[in-house]
Number of protein chains: 2
Amino acid sequence: MYFCVNKYLMTRSEENYIKTIFHLGRKGTQEVATNAIAELMETKPSSVTDMIKRLSEKDLVNYKRYQGVSLTALGNKTALNIIRKHRLWEVFLVEKLDFSWDEVHEVAEQLEHIKSDKLIDSLDRLLAYPKFDPHGDPIPDKNGGFKERDRELLSEVPVNTGGVCVGVKDSSATFLKFLDKNGIALGNQIKVMEIEEFDGSLNIEIDGRKMQISHVIASNLYIKASDEI
Amino acid sequence: MYFCVNKYLMTRSEENYIKTIFHLGRKGTQEVATNAIAELMETKPSSVTDMIKRLSEKDLVNYKRYQGVSLTALGNKTALNIIRKHRLWEVFLVEKLDFSWDEVHEVAEQLEHIKSDKLIDSLDRLLAYPKFDPHGDPIPDKNGGFKERDRELLSEVPVNTGGVCVGVKDSSATFLKFLDKNGIALGNQIKVMEIEEFDGSLNIEIDGRKMQISHVIASNLYIKASDEI
DNA sequence: ATTAAAATTTAGACAAATCTAAAAATTTGT
DNA sequence: ACAAATTTTTAGATTTGTCTAAATTTTAAT
Ligand SMILES: [Mn+2]
Ligand SMILES: [Mn+2]
Ligand SMILES: [Mn+2]
Ligand SMILES: [Mn+2]
């Protein structure tokens, strides 16, 4: 009847593990390694094993000793719900409270654990149902559905093509502040003019202005190819 | 230089105890009894004693065995900061997310523990620096200063006087929904027409409309006396 | 196919926050 | 003043989430 994602008591720690397993499961093989979780969460592998057992008890993950871990359907839904909250709060902080995009993550890490369906639905409405967060990442809808936007890394597109900057791969404060300093933001029109043989750095034109960026920078910027160049 | 109220790691549980001690210390003697805390927090006295010792270690409360507990200056400031957050979030929920005044408390209990000075300052600005929460309770400013509004219980004023309804003493969902059902809200002009000898119930005129309310209801409504009756 | 290295799990300990049951101190009633 | 009732504290146990150190399993290398 009324489909609850997971009202059943989940601790903050459990939610963080589920979220981490989700993120690691996306990029790479389905089965997530204990050590990978430990590294991302800055904790010890033994702690991870302990928690995995608890999550397994609650049917949030599939677990076979020594074989890695993966989310169950319930775990997946739970993860998407937390990510939805995280990203909606990030939009709120930027749109309504004038946070910059490098300041939102830390606070969203706290806000994502607030339990109230009504709260998050109302927030969604207040923000006019945004589809993407300040870093260009998609916001799952209340059923956990979301569309991965069609996009490519700027470092992957050939010379003389381009598009609109729609996201960042690395969303660390350091990188985001670097982008601010250099006047690079989501929505900018970017065109690759030339790629240096020597170090792979790119000469680009961004909203009419010419500049040079390193390969590392380009490999952390997503663009959506525009047909008319 | 930069005066932090209490950035130093406080757990959610510690914050809840501090808040409870603050509320109990206001109405009554300064020293708060262990059992009173336990009852309000729906926990056991032995748990309270344990926590009091921890809070005492951190110089948030003054404690002498068997003699009750009181907040230190630091504890007081901490309590006011939590209450500020609680009440600002309540205003946000009502003003921006269309919550009704009986729905906000539960969510605010969670939101009050989010740690971010910038967040709460920005929220304050978004809400245009409100002075009172949806239940008429004053919102401390960022230095912990707040003015207890000049107000009296409706049950205490003499016949033929009145004023504006500015707050509720009991802010339980049950009472608030009762008020909604009977069209009583903050801002209403209330005048006491007659007080029944028999059971103390009151005939009142509220925004022009006549009605009868029990003594219990009247003793949970605050009004601010208006000079012109 | 063994052995070495790496990953993972277990065992045992610890701090936070809670509980129950029992002991100690305080307050109350006569 | 002194026994009884009440309040408060202590002692010991439990759950959650973490750690270190040691054992086990898997993977990689020769
Ligand atoms: Mn984030
Ligand atoms: Mn984001
Ligand atoms: Mn409240
Ligand atoms: Mn309130």
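So, here is what we can say about the structure in this document. (Residues numbered from 1 in each chain as written. Chains lettered and ligands numbered in written order. Predicted model: local features only at pLDDT ≥ 70, side-chain atom pairs only at ≥ 80, totals over all residues. Heavy atoms only, no water.)

**A few points about the coordination of the manganese ion (ligand 3)**
All names here are of chain B.
1) Next: Protein coordination at the manganese ion (ligand 3) comes from His-86 (NE2), Glu-90 (OE) and His-105 (ND1), with a distance range of 2.0 to 2.1 Å.
2) Next: Coordination of the manganese ion (ligand 3) draws on donor residues from a single chain, spaced H-x3-E-x14-H in sequence.
3) Next: A separation of 3.5 Å is found between the manganese ion (ligand 3) and the manganese ion (ligand 4), which are bridged by Glu-90. Residue His-86 and its partner Glu-90 are both found in helix H4 (residues 73-95); the two are separated by four residues, about one turn of the helix. An identical accessibility class is assigned to His-86 and Glu-90; each is buried. (Donors = N, O, S within 2.8 Å, 3.2 Å for Na, K, Ca; no water. Helix = DSSP H or I, 4+ residues; strand = E, 2+ residues; numbered from the N terminus. Buried < 20%, exposed > 50% of the residue type's maximum accessible area, 1.4 Å probe, protein only.)

**Some details on the relation of the copies chain A and chain B**
The relation between the two chain copies is a rotation about an axis coupled with a shift along that axis.
1) Next: Superposition of chain A onto chain B requires a rotation of 180° combined with a translation of 0.0 Å along the rotation axis, giving an RMSD of 0.0 Å. Both copies are brought into coincidence by an operation consistent with a two-fold rotation axis. For chain A, the minimum C-alpha distance to the rotation axis belongs to Leu-111 of chain A and amounts to 3.8 Å. (Least-squares fit on C-alpha atoms with pLDDT ≥ 70 in both.)

**With respect to the protein's contact with DNA strand C**
1) Next: Neighbouring DNA strand C are 22 residues; Lys-53 and Tyr-63 of chain A together with Thr-11, Thr-43 and Ser-47 of chain B lie closest to it.
2) Next: Sugar and phosphate atoms form 75% of the subset of DNA strand C atoms that lie within 4 Å of the protein.
3) Next: One of the side-chain nitrogen or oxygen atoms of Thr-11 of chain B is found 2.5 Å away from a phosphate oxygen of DNA strand C.
4) Next: Breaking the surface near DNA strand C down by element, the ones donating at least two residues are helix H2 (34-41) and helix H3 (45-57) of chain A together with helix H1 (12-26) and helix H3 (45-57) of chain B.
5) Next: Looking at the surface near DNA strand C element by element, the count peaks at five residues for H3 of chain B.
6) Next: The class makeup of the residues in the surface near DNA strand C is seven nonpolar, ten polar and five charged. (Near = heavy atom within 4 Å. Polar contact = N/O pair within 3.5 Å; in protein donor to acceptor, adjacent residues only side chain to side chain. Nonpolar A, V, L, I, M, F, W, Y, C, P; charged D, E, K, R; others polar.)

**As for the sheet that holds strand S8 (residues 221-225) of chain A**
All names here are of chain A.
1) Next: Ordered by their spatial adjacency, six strands build an open sheet running S3-S8-S4-S5-S6-S7, and the pairing between neighbours is antiparallel. In this open sheet, the two edge strands, each paired with only one partner strand, are strand S3 (152-153) and strand S7 (209-213).
2) Next: One ladder, built from five bridges, connects strand S6 (residues 202-206) with S7; its direction is antiparallel. The partner of Glu-205 across the bridge, within S7, is Lys-210. (Pairing = 2+ DSSP bridges.)

Purely geometric numbers; function is a separate question.
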